[in-house]
Amino acid sequence: MAAKIIALGSGKGGVGKTTVALNIGFAIASLNKKVLVVDTDISLPNLDLYTGLEKPLITLLEVLNGTSDVQSAIYTIQMGLDILPCGSSLQALQNVDLDKLGNVISELKDSEYELIILDIPAGLSKLSMLPMTYSDEVILIVNPDPASISDAQKVKAATALAGISVTGIIVNKYKKSVYNDIGIKLGLPVLGLIPQDEAIIKARDARKPLILLKPGSSSAKAIMKISKKICGIPEKKSIFQRFIR
Ligand SMILES: Nc1ncnc2c1ncn2[C@@H]1O[C@H](COP(=O)(O)OP(=O)(O)OP(=O)(O)O)[C@@H](O)[C@H]1O
Ligand SMILES: [Mg+2]
């Protein structure tokens with residue numbers, strides 16, 4: 001069966017797309033699903049920096065400039081997660097044929113993966129819009145601040161014009177009782193809330209999966225809950241919740 005492709009996009013930069021893409025990837029890999037995270041942030045990539053992977057020589061750039069096949073650019077990292085990083089060589093970037101990205105993604109769609117997560121560059125440029133057009137669904141990562149919400153609104157409008165479907169938002173760096181109505185403001189379902197959490201910074205600096213390093217943290221629990229939702233795995237209800245029903 002073809003893989004489902006989910007793109008994580010945003011209007012504003014720095015909202016947590018790469019962090020969420022990678023940690024949802026680890027969580028879904030821990031559920032025994034074959035998952036691949038692809039860094040499509042061709043101009044300013046940093047997915048591999050958040051992992052323990054040594055600077056990879058063969059990356060998406062080499063695939064897009066025709067000097068490598070896609071399988072050679074995929075690396076299995078911790079928890080059996082596969083990632084397709086993007087290199088940062090300016091020279092390789094100059095020779096990139098962006099139109100090849102569609103072929104690369106359709107080749108991956110028909111491979112062994114059940115799910116492919118695309119880490120999309122921020123904003124509305126062609127570099128962000130193009131990879132989103134190759135996804136089955138887009139999830140926007142939004143922070144609880146006015147600029148992030150307003151920029152997400154713009155991306156939502158642009159994707160609608162381009163015929164791309166946005167299925168929901170993940171509110172990241174959430175702080176209790178601030179901007180509770182982000183989903184209503186954007187007119188999109190909220191797939192989950194990930195708190196602003198020191199555990200995420202610790203996992204980033206240790207280059208370790210959050211769910212391994214800090215499994216009991218509120219952010220790890222939120223990421224696992226969102227990952228199960230993405231995979232269509234029902235939440236186990238607590239005795240109290242079952243009693244209420
Ligand atoms: N829930 C969180 N709590 C605390 N820090 C976080 C959280 N999510 C992300 N961060 C931190 O915020 C910073 C930006 O995250 P990240 O690089 O994932 O954002 P991005 O949207 O991918 O950025 P860019 O638009 O530049 O690609 C990082 O330092 C990351 O560790
Ligand atoms: Mg990023």
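Everything discussed here concerns the structure shown above.
Reading guide: rules and limits
- Residues numbered from 1 in each chain as written.
- Chains lettered and ligands numbered in written order.
- Predicted model: local features only at pLDDT ≥ 70, side-chain atom pairs only at ≥ 80, totals over all residues.
- Heavy atoms only, no water.
- Helix = DSSP H or I, 4+ residues; strand = E, 2+ residues; numbered from the N terminus.
- Rg over C-alpha atoms; globule rule 2.2 N^0.38 Å.
- Buried < 20%, exposed > 50% of the residue type's maximum accessible area, 1.4 Å probe, protein only.
- Contact = heavy atoms within 4.5 Å.
- Areas by Shrake-Rupley, 256 points an atom, 1.4 Å probe, with all protein chains shown as cover.
- Polar contact = N/O pair within 3.5 Å; in protein donor to acceptor, adjacent residues only side chain to side chain.
- Near = heavy atom within 4 Å.
- Nonpolar A, V, L, I, M, F, W, Y, C, P; charged D, E, K, R; others polar.
- Salt bridge = Lys/Arg side-chain N within 4 Å of Asp/Glu carboxyl O.

**Q** In this structure, what is going on with the overall build of the protein chain? I would like to understand it.
**A** Summing up its helical and strand segments, the protein chain has eleven helices and eight strands in all. Its C-alpha radius of gyration of 17 Å places the protein chain within 12% of the 18 Å reference for a compact globule of 245 residues. Based on the C-alpha atoms only, the size of the protein chain along its principal axes is roughly 60 × 35 × 35 Å. Across the 245 residues in the protein chain, those meeting the buried criterion constitute 51%. Within the protein chain, contacts between residues separated by at least 24 positions form 72% of all contacts whose residues are at least 6 apart in sequence. Summed over its atoms, the accessible surface of the protein chain is roughly 11,800 Å², and 55% of this surface lies on carbon and sulfur atoms.

**Q** Would you take a moment to explain the side chain of Ser135 for this structure?
**A** With respect to the secondary-structure elements, Ser135 resides in the loop between helix 5 (126-133) and strand 6 (137-142). With a relative accessible area of 14%, Ser135 lands in the buried category. Side-chain polar atoms of Ser135 contact the backbone oxygen of Met132, separated by 2.7 Å. Within the structure, Ser135 has its side chain in polar contact with the backbone oxygen of Glu137 (distance 3.5 Å). Sequence-distant contacts of Ser135, that is, excluding residues within four places in its chain, are made with Ile5, Ala7 and Leu118.

**Q** Just checking my understanding: could you explain the site of ligand 1 for this structure?
**A** In the neighbourhood of ligand 1, 18 residues make up the surrounding shell, with Lys17, Thr18, Thr19, Tyr50 and Arg204 lying closest. Note that an oxygen atom of ligand 1 is positioned 2.8 Å from one of the side-chain N or O atoms of Thr18. Here an oxygen atom of ligand 1 sits 2.5 Å away from a polar atom, N or O, in the side chain of Tyr50. In isolation ligand 1 exposes 640 Å². Once the protein is present, 86% of that is buried. Of all the secondary-structure elements, those providing two or more residues to the shell around ligand 1 are helix 1 (17-30), strand 7 (166-174) and helix 8 (198-206). Here the residues of the shell around ligand 1 are counted per class, giving six nonpolar, seven polar and five charged.

**Q** I'm lost on the pattern of salt bridges in this one. Help?
**A** Any two side chains of opposite charge can pair, on the condition that their charged atoms come close. Scanning the entire structure with this criterion turns up seven salt bridges. Residues Lys33 and Glu114 are paired through a salt bridge, measuring 4.0 Å at the closest nitrogen-oxygen approach. Placement of the pair is Lys33 in the loop between helix 1 and strand 2 (35-39) and Glu114 in the loop between helix 4 (101-109) and strand 5 (115-119), with a sequence separation of 81 residues. Measuring nitrogen to oxygen at the nearest pair gives 3.6 Å for the salt bridge that ties Lys185 to Asp181. A single network of salt bridges, built from pairs that share partners, joins Lys34, Asp82 and Glu112.

**Q** What is the right way to look at the side chain of Thr18 in this model?
**A** Tracing the backbone through its elements, the reader meets Thr18 in helix 1. Within polar-contact distance, the side chain of Thr18 engages the side chain of Asp119 at 2.7 Å. Residue contacts for Thr18: discarding those within four places in its chain leaves Asn46, Leu47, Tyr50 and Asp119.

The analysis is restricted to geometry; functional conclusions fall outside its scope.
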